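Residues per chain, in single letters:
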Amino acid sequence: MKFKLPCETLTKQGKRPCRAPGIVCKNGSIRCKVHGGYSSGPKTKEGKAKSANNIIKYNDQRASNKRQINEQDL
Ligand SMILES: [Zn+2]
């Protein structure tokens, strides 16, 4: 079922809600087209693997960035 409801995402500008018309996602939150409401995620096996790898890569990058900052502080 698809309803037109105001998006719940907090924007980067002033942490205000987005309020653009969106739909209810699988996890119960309301998202507009900008904030991923209309995307159902990767479909194929390769796509799912790629997406998982991207998350791992991102987390590694964040961890290494944090380490660099801590080394500069010392
Ligand atoms: Zn939104």
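Residues numbered from 1 in each chain as written. Predicted model: local features only at pLDDT ≥ 70, side-chain atom pairs only at ≥ 80, totals over all residues.

J.: Sorry if this is basic, but what is going on with the overall build of the protein here?
T.: A count of helices and strands for the protein gives 1 helix and 3 strands. Along its sequence from the N terminus, the protein presents helices and strands in the succession β-β-β-α. Relative to its full complement of 74 residues, the protein shows a buried share of 9%. Once local pairs closer than 6 in sequence are excluded, the contacts in the protein between residues at least 24 apart make up 12%. (Helix = DSSP H or I, 4+ residues; strand = E, 2+ residues; numbered from the N terminus. Buried ≥ 20, exposed ≤ 12 C-beta atoms within 10 Å, placed from the backbone. Contact = placed C-beta atoms within 7 Å.)

J.: Got a minute to help me understand the pairing of strand β2 (residues 21–24) in this structure?
T.: Consecutive side chains along a regular strand alternate between the two faces of the sheet. One ladder, built from 2 bridges, connects strand β1 (residues 5–6) with β2; its direction is antiparallel. Residue Pro6 lies in a different strand from β2, and its bridge partner there is Pro21. Inspection of the sheet shows β2 paired to strand β3 (residues 30–32) by 3 bridges, in the antiparallel sense. Paired with Ile23 across the two strands is Arg31, which belongs to β3. What sits between β2 and β3 in their antiparallel hairpin is a turn of 5 residues, with Gly28 showing a positive phi close to 95°. (Pairing = 2+ DSSP bridges.)

J.: Explain the sheet that holds β1 to me, please; I cannot follow it from the model alone.
T.: Note: strands within a sheet are paired through backbone hydrogen bonds, in either parallel or antiparallel orientation. Strand order across the open sheet formed by 3 strands is β1-β2-β3, with antiparallel pairing between neighbours. In this open sheet, the two strands that pair with only one neighbour each are β1 and β3.

J.: I would appreciate a short explanation of the environment of Pro6 in the present structure.
T.: Tracing the backbone shows Pro6 in strand β1. A C-alpha to C-alpha distance of 8.1 Å links Pro6 and Ile23, two positions 17 residues apart in sequence. Every residue in contact with Pro6, bar those within four places of it in the chain, is listed here: Arg19, Pro21, Gly22 and Ile30.

J.: Looking at this structure, I do not really get unusual backbone geometry. What am I missing?
T.: Excluding glycine, residues mostly carry a negative phi; peptide bonds, for their part, are mostly trans. For Arg19, which is not glycine, the phi torsion reads 70° and is therefore positive. Counting through the fold element by element, Arg19 comes out in the loop between β1 and β2.

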